[in-house]
Amino acid sequence: MNIIETKELSFSYKRENDEKVVLDGLNIDIKEGSFTAIIGHNGSGKSTFAKHINAILLPCGGSITVCGIDTSDEKKLYELRKSAGMVFQNPDNQIVATIVEEDVAFGLENLAIDREEMHRRVEAALKAVNMYEHRKRAPHLLSGGQKQRVAIAGILAMQPRCIVLDEPTAMLDPQGRREVMDTILSLNRENNITIVLITHYMDEAAKADRVIVLDKGKVRFDAPPREVFREEEKLRDLGLSVPDSTALVHALRKKGINIEKETLTPKECAEEILSVTVDIRTRLKR
Amino acid sequence: MIRDITIGQYYSTDSVVHKMDPRTKILWTLLYMVMLFVVDSIYSYGVIIAFTAMVIKISHIPLKYILRGLKPILFLVIFTAFLNLFLVDEGKVIFEKGIFSITEGGLWLAIKMAVRITLLIMGTSLLTLSTTPTVLTSGMESLLSPLKKIGVPVSVFVMMISIALRFIPTLLDETDKIIKAQTSRGADFENGNPIKRIKAMIPILVPLFVSAFRRADDLAVAMECRCYNSDAPRTSYRKLEFGINDLSALCFGIIMVCTLVLIEVVS
Ligand SMILES: Nc1ncnc2c1ncn2[C@@H]1O[C@H](COP(=O)(O)OP(=O)(O)O)[C@@H](O)[C@H]1O
Ligand SMILES: [Mg+2]
């Protein structure tokens, strides 16, 4: 079943004289429970697309349906935002309260959930992102990765079916990035929450089931990561790169070393290289 | 210097003062302001200073920490004291030189005003130091809720205050970073005449404002995403409990105001 469906979705920010088209007839369907990564050069319209998913922006042309709700249906606005949560790049600018657990409760307070239920859900959400022991702390004293996990918990407490994350790791150190990615993956696998991850780190995109490449408001590639990253040249033309492990294999191939498989992680890459070298060695021995 | 600002900061201890209902503390702060307004004689000053010292003692907040919060307003205190000292012309003249003269009345008033402002800041910072911003604002909301009936947007007002309190540490950190960045490029904030120094603030204020507006924009979107609607009814994660401690504290406060008024009438 599709949780997000767009039909010829178009959008432009209205300005006085020039009207640049930011989204240009997008047709993107996303399956419930899937993990989709969206990549694209700066200004390609990724954030603009994300903001359409929970009706922060409304389409200028075409339509977008999320969890069966047309986003331009004002009556169902809060139902929509409850089912499709959003996490942003800067963790400082999305934390509202001065105590971790109270921030996680913010969305629930807005939905007028009663207090007992609220305490239950806050506890569950904080445990799911591994921040329960920090529940009494002040958010501004946490690390970037911890703050971002609090932001995820705040969305999670609303029990969404889908979470959209707009470059959630862009301001984090490697440790924080790892924490956030692990959290996202476990939410997808264990809680069956649909994930849409916008990122400019290719190794993060490689962890998704599907990668969508946006360029100038149009979909340029839409396939599993292995197929997308095979097109290294074309991606470079769009100002994008491929994961280091993939790039290494491509470079070796150019040198005439025959590795067939596309590799996405350092581990896969090492295994492939090893198997090839073993091949060469056995041939030499003969 | 930026780090000295303790307005709206919370200092965690588990004292009786910290555990009190925020509504009691807010009302007490108001009573305290009334007291400061009433006091005039040296006796009532004695009473109120002794009382303030006692509350600080039982709150377990180090006096040094509270005094640090006074630093930013030290200038204001000294300035008003000087104005009173030289401009008030009352009673015996104790010092005279040219057009300047200090009278007994002026000296007394200067001391009184300085003590008043100091106590006012100490009293109000005790409120924020002993209460987390969220608890404080839910206390405010509860106290102001009768105004909702006549259409005053209390919840919006309270949300504004709580966000302001939430962003004070963030913006202070940012100011600190900007100051360091500009200093490392050779900006000089310490020397020169006042006009020069005020001019030197511009390269701090401009980036600070730009970033504050960007933050505000981001925050508004993030709040919308989390279903915030200022018109809709909300529930509260925290429950406020008004206990016997609170009742006795308030009674004590009212008795104290009456006593101070009595002292003033008698003397
Ligand atoms: N609020 C806005 N007003 C006007 N133009 C905007 C606004 N936000 C983004 N844009 C423009 O829309 C285009 C796409 O932006 P965005 O969706 O943020 O891209 P991305 O997230 O992929 O970097 C850019 O050219 C940007 O300048
Ligand atoms: Mg963006």
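Along every chain, residues carry numbers that run from 1 in the direction the sequence is written. To label them, take the chains in the order written and letter them from A, then take the ligands in the order written and number them from 1. Predicted model: local features are reported for residues with pLDDT of at least 70 only, side-chain atom pairs are reported and counted for 80 or more only, and whole-chain, interface and lining totals are derived from all residues. Hydrogen atoms and water are omitted, and side-chain values are computed over all heavy atoms in the structure.

## Things to note about the pairing of strand β1 (residues 2–12) of chain A
All names here are of chain A.
Part 1 of the reasoning: In this structure, β1 lies alongside strand β3 (residues 29–31), joined through three bridges in antiparallel fashion. Within the sheet, the bridge partner assigned to Glu 5 lies in β3 and is Asp 29.
Part 2 of the reasoning: By the bridge criterion, five bridges tie β1 to strand β5 (residues 61–66) in an arrangement that is antiparallel. Among the inter-strand pairings, Ile 4 is bridged to a residue of β5, identified as Val 66.
Part 3 of the reasoning: Pairing geometry for β1 and strand β2 (residues 21–26), over three bridges, is antiparallel. Bridged to Ser 12 within β2 is Val 21. A pair of strands is labelled paired if DSSP reports no fewer than 2 bridges between them. Strands here mean DSSP runs of E at least two residues long; helices mean DSSP runs of H or I at least four residues long; both are numbered from the N terminus.

## Topic: the site of ligand 1
All names here are of chain A.
Part 1 of the reasoning: What makes a residue near a molecule or strand is one non-hydrogen atom of that residue sitting within 4 Å of it. Not every one of the twelve residues close to ligand 1 is listed here, only the nearest: Lys 20, Gly 43, Lys 46, Ser 47 and Thr 48.
Part 2 of the reasoning: The definition of a polar contact used here is a pair of N or O atoms within 3.5 Å, where within protein one atom must be able to donate a hydrogen and the other to accept one, and adjacent residues in sequence count solely through side-chain atom pairs. Within the side chain of Tyr 13, a nitrogen or oxygen atom sits 3.4 Å from a nitrogen atom of ligand 1.
Part 3 of the reasoning: Note that an oxygen atom of ligand 1 is positioned 2.4 Å from one of the side-chain N or O atoms of Thr 48.
Part 4 of the reasoning: Surface accessibility in these figures is a Shrake-Rupley result with a 1.4 Å probe; residues are shielded only by whichever protein chains are displayed. Surface burial for ligand 1 is 65%, taken as the share of its 560 Å² of free accessible area covered by protein chains.
Part 5 of the reasoning: Residue contributions to the shell around ligand 1 peak at three residues, all from helix α1 (residues 46–53).

## With respect to the environment of Ile78(B)
Part 1 of the reasoning: Counting through the fold element by element, Ile78(B) comes out in helix α5 (residues 74–87).
Part 2 of the reasoning: C-alpha of Ile78(B) to C-alpha of Met113(B): the two residues are 35 residues apart in sequence and 9.8 Å apart in space.

## A short note on the environment of Lys239(B)
Part 1 of the reasoning: Topologically, Lys239(B) is positioned in the loop between α9 (194–225) and α10 (244–266).
Part 2 of the reasoning: It is 40 Å that separates the C-alpha atoms of Lys239(B) and Phe75(B), two residues lying 164 residues apart in sequence.

## Re the pairing of strand β11 (residues 218–223) of chain A
Residue and element names in this part refer to chain A.
Part 1 of the reasoning: Here strand β10 (residues 210–215) runs beside β11; their pairing, made up of five bridges, is antiparallel. Considered in β11, the bridge of Asp 215 is made with Lys 218.
Part 2 of the reasoning: Hairpin connection from β10 to β11: two residues lie between these consecutive antiparallel strands, with Lys 216 at a positive phi of about 45 degrees.

## Considering helix α6 (residues 174–190) of chain A
All names here are of chain A.
Part 1 of the reasoning: By this rule the span expected of a helix is its residue count minus one, scaled by 1.5 Å. The end-to-end C-alpha separation of α6 is 24 Å, in line with the 24 Å expected for 17 residues at 1.5 Å each.
Part 2 of the reasoning: Summary of the burial criterion: residues with accessible area below 20% of their type's maximum are buried, those above 50% are exposed, and those between are partly exposed, where the area comes from a 1.4 Å probe applied to protein chains only. Restricting attention to buried positions, one finds in α6 the residues Gly 176, Arg 177, Glu 179, Val 180, Met 181, Thr 183, Ile 184, Leu 185, Leu 187 and Asn 188.
Part 3 of the reasoning: Where α6 is buried, its residues contact β4 (35–40), α5 (144–156), β8 (162–166), β9 (194–198) and α7 (202–205).
Part 4 of the reasoning: Asn 192 sits one or two positions beyond α6 and adopts a positive phi of about 55 degrees. We call two residues contacting when some pair of their heavy atoms lies within 4.5 Å.

## Looking at unusual backbone geometry
Most peptide bonds take the trans configuration, and most residues that are not glycine carry a negative phi.
Residues and elements named next belong to chain A.
Part 1 of the reasoning: Phi is positive for Glu 167, which is not a glycine, with a value near 45 degrees.
Part 2 of the reasoning: With respect to the helices and strands, Glu 167 occurs in the loop between β8 and α6.
Part 3 of the reasoning: Located in the positive-phi region is Lys 216, a residue other than glycine, with phi close to 45 degrees.
Part 4 of the reasoning: With respect to the secondary-structure elements, Lys 216 resides in the loop between β10 and β11.

## Here's the deal with a nonpolar patch on the surface
Residues and elements named next belong to chain B.
Part 1 of the reasoning: Any residue with relative accessible area above 30% and no salt bridge may belong to a patch, with like charges joined within 9 Å and the nonpolar Val, Leu, Ile, Met, Phe, Trp and Tyr side chains within 5 Å. Each salt bridge in this description consists of a side-chain nitrogen of Lys or Arg and a carboxyl oxygen of Asp or Glu lying within 4 Å of one another. Nonpolar side chains collect at one region of the surface, where Ile 42, Tyr 43, Ile 94, Phe 95, Leu 107, Trp 108 and Ile 111 lie side by side and expose about 710 Å² of accessible area between them.
Part 2 of the reasoning: Here Trp 108 is to be found in helix α6 (residues 104–129).
Part 3 of the reasoning: Here Trp 108 falls in the partly exposed class, since its relative accessible area comes to 36%.

## Describing the nonpolar core
When a protein is soluble and globular, its nonpolar side chains tend to lie buried together.
Residue and element names in this part refer to chain A.
Part 1 of the reasoning: If you look at the biggest cluster of nonpolar residues, it comprises 54 residues, and the most contacted ones within it are Ile 163, Val 213 and Phe 229.
Part 2 of the reasoning: Of all the elements, α5 adds the most residues to this core, at six residues.
Part 3 of the reasoning: Not counting residues up to four positions away in its chain, the partners in contact with Val 213 are Ile 39, Lys 218, Val 219, Arg 220, Phe 221, Val 228, Leu 235, Leu 238 and Leu 240.
Part 4 of the reasoning: Here, nonpolar core means buried Ala, Val, Leu, Ile, Met, Phe, Trp, Tyr and Cys residues that are tied together by side-chain atoms lying within 4.5 Å of each other. Phe 11, Cys 67, Val 164 and Leu 214 belong to the second largest nonpolar core, which has 33 residues in total.

## Section: the interface of chain A and chain B
Part 1 of the reasoning: Each partner contributes residues to the interface: chain A has 37 residues there, and chain B has 28 residues.
Part 2 of the reasoning: Summing both partners gives a buried area of about 3100 Å² for chain A against chain B, and 54% of it is carried by carbon and sulfur.
Part 3 of the reasoning: Here chain A is connected to chain B by four salt bridges.
Part 4 of the reasoning: Residues Arg238(B) and Glu102(A) are paired through a salt bridge, measuring 2.3 Å at the closest nitrogen-oxygen approach.
Part 5 of the reasoning: Sorting elements by how many residues they give to the side of chain A that touches chain B places helix α3 (residues 100–110) of chain A first, with ten residues.
Part 6 of the reasoning: Three categories are distinguished: nonpolar for Ala, Val, Leu, Ile, Met, Phe, Trp, Tyr, Cys and Pro, charged for Asp, Glu, Lys and Arg, and polar for the others, with Gly belonging to the last. Of the residues in the side of chain A that touches chain B, the class split is 19 nonpolar, ten polar and eight charged. In this description, buried area is defined as the sum, over both parts, of the accessible area (probe of 1.4 Å) that is lost when the two are combined.

## Here's the deal with the domain arrangement of chain A
Reports often express the size of an interface as the amount of accessible area lost when the parts come together.
Part 1 of the reasoning: Annotation comment: domain bounds sourced from an automatic or database domain assignment. Here chain A is partitioned into domain 1 (2–225) and domain 2 (243–286).
Part 2 of the reasoning: Using only C-alpha atoms to locate each centre, domain 1 of chain A and domain 2 of chain A end up separated by 36 Å.

## Let's talk about the packing of helix α10 (residues 244–254) of chain A against helix α11 (residues 266–285) of chain A
All names here are of chain A.
Part 1 of the reasoning: Look at α10 against α11: their axes get within 8 Å of each other, and the N-to-C directions meet at 25 degrees. By the angle between their axes, α10 is roughly parallel relative to α11. For the pair α10 and α11, contact is made by Ser 245, Leu 248, Val 249 and Leu 252 and by Pro 266, Cys 269 and Ile 273, respectively.
Part 2 of the reasoning: A class-by-class count of the residues in the contact of α10 with α11 yields six nonpolar, one polar and no charged. To obtain an axis, a line is fitted to C-alpha atoms, over the contacting stretch when the element is a helix, and the angle between two such axes runs from 0 to 180 degrees between their N-to-C directions. The labels follow the angle: roughly parallel below 35 degrees, roughly antiparallel above 145, roughly perpendicular from 65 to 115, and oblique for the rest.

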